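# Survey of secondary and tertiary structure
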Amino acid sequence: MKIGITADHAGYKQKEKLKLFLEKSDYHFTDFGAFSHDPDDDYSDIIIPLAEAISKGEIDKGIAICGSGVGVSIAANKFPGVRAALITETYSAHQGVEHDHMNLICVGGRVLGLSLITEIIDTFLKAEFVNDEPRFKRRLDKVIAIENKNFKKH
């Protein structure tokens with residue numbers, strides 16, 4: 001599994017701590033930035049490289065952190081093939097993948113503590129889409145049809 005991670009200034013500290021957890025847990029990932037704390041960066045800019053990589057199929061699952069998680073989730077969903085959601089607990093972290101094929105999890109670095117963030121992320125990374133369940137496949141196909149109607153292909 002190819003994993004990507006990104007954060008703006010409001011999520012930078014949590015991202016750096018989360019990277020230690022990912023390494024300790026033997027997850028291999030690509031860091032898409034920020035690479036230093038810049039209080040003037042914008043979530044809308046910082047999400048672009050990761051969202052593009054997911055859209056192109058270069059990354060399977062992404063993790064994005066901003067202050068609340070809302071900004072990165074809104075911006076990320078502007079890219080074809082990205083199914084991002086703001087997650088604050090473990091049930092939605094696995095259900096979003098299993099039922100909805102979520103491929104980018106967004107969390108709030110100023111809202112959640114590191115312990116909960118790591119639990120949510122670990123749950124998300126271990127979850128798999130339930131492809132053999134007709135209702136989930138049917139619903140995903142409908143979402144993809146909406147996307148195809150409204151987004152340009154790469």
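Before reading further, recall that the structure is shown in the block above.
All of the points below concern the structure found in this document. Since the model is a prediction, treat every value here as computed from it, not as a measurement.

What follows deals with the environment of Lys 126. Among the secondary structure elements, Lys 126 is positioned in helix 6 (residues 114–126). Spatially, the C-alpha atoms of Lys 126 and Asn 148 are 28 Å apart, while their sequence positions differ by 22 residues. Aside from chain neighbours lying at most four places away, what touches Lys 126 is Tyr 27 and Lys 61.

The grouping of Val 70, Ile 74 and Leu 86 at the surface amounts to a nonpolar patch, some 230 Å² of accessible area in total. Looking at the secondary structure, you find Ile 74 in helix 4 (residues 70–76).

For the largest pocket, the calculated volume is near 160 Å³. For the lining of the largest pocket, the secondary structure elements donating two or more residues are helix 5 (90–100) and helix 7 (134–150). Looking at which element gives the most residues to the lining of the largest pocket, the answer is helix 7, with 5 residues. Its residues assigned to classes, the lining of the largest pocket comprises 5 nonpolar, 2 polar and 4 charged.

Rules of the game
- Residues numbered from 1 in each chain as written.
- Predicted model: local features only at pLDDT ≥ 70, side-chain atom pairs only at ≥ 80, totals over all residues.
- Heavy atoms only, no water.
- Helix = DSSP H or I, 4+ residues; strand = E, 2+ residues; numbered from the N terminus.
- Contact = heavy atoms within 4.5 Å.
- Patch = residues over 30% accessible without salt bridge, like charges linked within 9 Å, V, L, I, M, F, W, Y side chains within 5 Å.
- Areas by Shrake-Rupley, 256 points an atom, 1.4 Å probe, with all protein chains shown as cover.
- Salt bridge = Lys/Arg side-chain N within 4 Å of Asp/Glu carboxyl O.
- 1 Å grid on protein atoms, 1.4 Å probe; cavity = no way out; pocket = protein on both sides within 12 Å on 5 of 7 lines; lining within 4 Å.
- Points joined across faces, edges and corners; volume = space filled by probe spheres on them.
- Nonpolar A, V, L, I, M, F, W, Y, C, P; charged D, E, K, R; others polar.

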